[in-house]
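# Inside the fold
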Amino acid sequence: PFLNKATLDPTTEKISVAFKTAYNAADSYTLIGSANVFSFNSYFRLRYGPAGFFANIGNPTDGPVNSPKITLTEGKEYCFLWVLENGIGKTYIDGVLNSLTQDFTGLTSEETPLNTSFYSLGSNAGSEQYGGTLSDVAILNTALTSTQAAEIYRDGLQPWLAANPE
């Protein structure tokens with residue numbers, strides 16, 4: 001189930017990114033509103049900081065599209081599952097679907113495929129360092145369901161992956 005593709009078109013394909021994190025403003029490298037938890041190049045980013053959690057997907061033609069920001073408590077550890085399915089981004093926090101979603105289908109599809117071989121955890125090519133903890137990371141080439149999100153939160157990522165190898 002792990003992502004095993006050279007490119008990904010976020011307007012038509014499926015991906016799930018699971019991770020645990022707690023943001024700590026004192027550890028933030030810069031004073032920007034947020035920093036990358038995970039990114040493919042600079043066109044697909046999951047960001048978290050004092051301004052909240054949000055997804056950012058873009059391309060050179062259309063520019064970036066940001067999801068609504070979700071406000072969270074600094075220092076509290078959260079279990080995230082961010083799911084992109086056919087251009088619609090959804091966020092599960094601690095196993096529960098957040099009501100804020102984002103439609104990324106308006107991006108120009110032929111300009112949006114992402115090179116998945118260049119990714120970063122906790123920064124963006126050496127800048128915008130994420131201030132906080134990051135653990136239990138998995139990038140899957142499928143859109144997980146609300147039931148699976150609840151199972152990952154309840155059981156933990158590693159036991160869930162062991163029980164669901166496909």
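Predicted model only: the values in this text are computed from it and were never measured. (Residues numbered from 1 in each chain as written. Predicted model: local features only at pLDDT ≥ 70, side-chain atom pairs only at ≥ 80, totals over all residues. Heavy atoms only, no water.)

### Re the overall build of the protein chain
Cut-off, in case you're wondering: Helix and strand assignments follow DSSP, with helices taken as H or I runs no shorter than four residues and strands as E runs no shorter than two, numbered in order from the N terminus. The buried label applies to any residue whose accessible area, calculated with a 1.4 Å probe on protein chains only, is under 20% of its type's maximum; exposed applies above 50%, and partly exposed to all values in between. Contacts are assigned to residue pairs that have any heavy atoms within 4.5 Å of one another.
Looking only at helices and strands, one finds two helices and 13 strands in the protein chain. Residues classed as buried in the protein chain amount to 46% of the 166 residues present. For the protein chain, contacts bridging at least 24 residues in sequence account for 65% of all contacts bridging at least 6.

### Describing the pairing of strand β7 (residues 78-85)
In plain terms, the rule: Pairing between two strands requires that DSSP report at least two bridges joining them.
Most of β7 sits inside the fold, with seven of its eight residues counted as buried. Two strands pair when backbone bridges link them, and strand β2 (residues 14-23) and β7 are joined in this way by eight bridges, in the antiparallel orientation. Paired with S16 across the strands is V83, a residue of β7. The pairing of β7 with strand β8 (residues 88-93) spans six bridges and is classified as antiparallel. Within β8, the position partnered with E85 by the bridge is I88. Where β7 hands over to β8, the hairpin turn is made up of two residues, of which N86 adopts a positive phi near 50 degrees.

### Some details on the side chain of S67
To keep things clear, this is the line we draw: For the purposes of these results, a polar contact is taken to be a pair of N or O atoms within 3.5 Å, where, inside protein, one atom must be able to donate a hydrogen and its partner to accept one; residues adjacent in sequence count only when each atom of the pair is a side-chain atom.
You can see S67 is positioned in the loop between β6 (63-66) and β7. Residue S67 is classed as buried on the basis of its relative accessible area, which comes to 12%. A distance of 2.8 Å separates the side chain of S67 from the backbone nitrogen of A55, its partner in a polar contact. Apart from the residues lying within four places of it in its own chain, the contact partners of S67 are F54, A55, Q102 and F104.

### What about the pattern of salt bridges?
What counts is decided by this rule: A carboxyl oxygen of Asp or Glu within 4 Å of a side-chain nitrogen of Lys or Arg is what we treat as a salt bridge.
If you walk through the whole model with that rule in mind, you get three salt bridges. Residue D94 is joined to K76 by a salt bridge in which the shortest nitrogen-to-oxygen separation is 3.4 Å. Separated by 18 residues along the polypeptide, D94 in the loop between β8 and β9 (96-97) and K76 in the loop between β6 and β7 bring together distant segments of the chain. Under the relative-accessibility criterion, K76 is labelled partly exposed at 37%. For R154, the salt bridge identified is with D155, shortest N-O distance 2.8 Å.

### So, the confidence of the model for the protein chain
Note the threshold: Per-residue confidence from the predictor is reported as pLDDT, which spans 0 to 100.
Here the protein chain averages 78 in pLDDT, and 78% of its residues register 70 or above. Helix α1 (residues 146-155) holds the highest mean pLDDT among the elements of the protein chain, 92, whereas strand β11 (residues 114-115) holds the lowest, 66.

### Examining unusual backbone geometry
Although it is not a glycine, D94 sits at a positive phi angle of roughly 50 degrees. Residues other than glycine seldom take positive phi values, yet D136 does so here, at roughly 50 degrees. Judged by relative accessible area, D136 falls into the partly exposed class, the value being 29%.

### Section: the packing of aromatic side chains
Here the distance between the centres and the angle between the planes together describe a pair of aromatic rings. Our working definition: Ring pairs shown here join Phe, Tyr and Trp side chains whose ring centres sit within 6.5 Å, with only the six-membered ring taken for Trp; geometry is labelled stacked below 30 degrees between planes, edge-to-face above 60, and tilted in between.
Per the stated rule, a full pass over the model turns up four aromatic pairs. Here F19 and F80 contribute two aromatic rings whose centre-to-centre distance is 5.1 Å and whose plane-to-plane angle is 15 degrees, an arrangement assigned as stacked. With F19 in strand β2 and F80 in strand β7, the pair connects residues that are 61 residues apart, well separated along the chain. The same class applies to F19 and to F80, which are both buried. Through a chain of ring-to-ring contacts, the aromatic side chains of F19, F53, Y78 and F80 assemble into a single cluster.

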